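Tertiary structure, described
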Amino acid sequence: MTDTLLNHRSIRKYKQDPIPYTILEYILEAGTRASTTGNMQLYSIIVTTDEELKEQLSPCHFNQPMIKQAPVVLTFCADFNRFSKWCRQRRADPGYDNFLSFFTAAIDALLVAQNVCIAAEDAGLGICYLGTTTYMAGKIIEVLDLPKGVVPVATVTVGYPDEWPEQTDRLSLDAVVHREKYQDYTQTDIDKIYREKEFMASYQEFVKENKKETLAQVFTDVRYKKGDNILFSKSLLDILAKQGFMNHP
């Protein structure tokens, strides 16, 4: 399993071979063994294999080709709908219409998603995490008929790899691990942490292509712009209110 973790890479091209039912059920079952708050399992997994539905989901993920090409698309949702219904049917009054409850359910969903990804790769499948889900949560809710109390938080494409790309770089442990207490970064620390990334040929070409002076500017001015962050933040907060997670009297 450690080898599986250390050899992870995002797969964006898939063979058309379907995933056998037994293998798909195996990786989903592995997902449900993830840690969960209070053993409430505050998540749902939407398994999409229908071509028409994938076509509808595609623009929700900015038309990234993996959505239509992968045999399976998994949408992981924070879900208090099921648990709250159970509470009401057992004469219990649920108080989960607030942001804390959404955040709790989102954590549950992401833990499950990671379990599924590891199990899938261990079974010889490839996966790709799409970070577009929260940007377009409203549209995904419409396509997948998600009721109140359910919000999509992550999407993963799954299938047999039709490529084996180089691994993406990662920062060193010294950059992300703090011993005992948080040790804030000095200017020298930041220079040291990002030096190797900034001098990689692929990233230098990235800077050149985007006509920027530094790699950081590519992130702030092109890929994850302030205006977009504010726009999608407002959209997500509106969705949380609509789905019943913003009760703060």
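Everything below is about the structure shown above.
In this report, we go over the structure that sits alongside the text. Every residue gets a number counted from 1 within its own chain, in the order that chain's sequence is written. For this predicted model, a pLDDT threshold of at least 70 governs which residues receive local features, and a threshold of 80 or more governs which side-chain atom pairs are given and counted, while totals over whole chains, interfaces and linings are taken from all residues. Each side-chain value is derived from all of the structure's non-hydrogen atoms; neither hydrogens nor water enter the calculation.

Now for the overall build of the protein. Going along the chain from the N terminus, every DSSP run of H or I of four or more residues is numbered as a helix, and every run of E of two or more is numbered as a strand. Counting its regular elements, the protein contains twelve helices and four strands. Atoms considered for the radius of gyration are the C-alpha atoms alone. The globule rule reads 2.2 Å times the number of residues to the power 0.38. Expected size for 249 residues packed as a compact globule is a radius of gyration near 18 Å; at 20 Å, the protein falls within 12% of this value. For the protein, the spread of C-alpha atoms along the three principal axes comes to 60 × 50 × 35 Å. To sort residues, take the accessible area from a 1.4 Å probe on protein chains only and compare it with the maximum for the residue type: under 20% means buried, over 50% means exposed, and anything in between is partly exposed. Within the protein, buried positions represent 37% of all 249 residues. Any two residues whose heavy atoms approach within 4.5 Å are treated as being in contact. The long-range fraction of contacts in the protein, counting pairs at least 24 apart against all pairs at least 6 apart in sequence, stands at 79%. In the form shown here, the protein has an accessible surface area of approximately 15500 Å², with 52% of it arising from carbon and sulfur atoms. Lys and Arg are tallied as positive, Asp and Glu as negative. Neither His nor the chain termini are counted. Charge positions come from single atoms, namely NZ of Lys, CZ of Arg, CG of Asp or CD of Glu. Across the protein, the 28 positively charged side chains and the 33 negatively charged ones have centroids separated by 4 Å. Values of accessible area rely on a 1.4 Å probe in the Shrake-Rupley scheme; residue burial ignores everything except the protein chains shown.

For the rest of this paragraph, the subject is the environment of Tyr203. Position of Tyr203 among the secondary structure elements: in helix α10 (residues 201-209). For Tyr203, a relative accessible area of 16% gives the class buried. Setting aside residues no more than four positions away along its own chain, Tyr203 makes contact with Asp169, Lys197 and Leu215.

Counting buried positions along strand β2 (residues 72-79) gives eight out of eight residues, so the element sits mostly inside the fold. Of the two faces of β2, both are covered, the one formed by Val72, Leu74, Phe76 and Ala78 as well as the one formed by Val73, Thr75, Cys77 and Asp79. Of the strand pairs in this sheet, strand β1 (residues 43-48) and β2 are connected by six bridges, and their pairing is antiparallel. Residue Ile45 lies in a different strand from β2, and its bridge partner there is Phe76. The pairing criterion for strands is at least two bridges between them, as found by DSSP.

Let's shift gears to the nonpolar core. The nonpolar core is taken to be a set of buried Ala, Val, Leu, Ile, Met, Phe, Trp, Tyr and Cys residues, with the residues joined through side-chain atoms within 4.5 Å. One finds Ile27, Leu74, Phe76, Phe102 and Val158 to be the most contacted residues of the largest nonpolar core, which totals 33 residues. Elements supplying a minimum of two residues to this core: α2 (21-32), β2, α5 (81-89), α6 (99-122) and β4 (150-159). Looking at this core element by element, the count peaks at ten residues for α6. The residues touching Val158, leaving out its near neighbours within four places in the chain, are Tyr14, Ile19, Ile27, Ala70, Pro71, Val72, Leu74, Ala120, Leu125, Gly126 and Ile127. Grouped together as the second largest cluster of nonpolar side chains are 20 residues, Ile11, Tyr14, Cys128 and Ile141 included.

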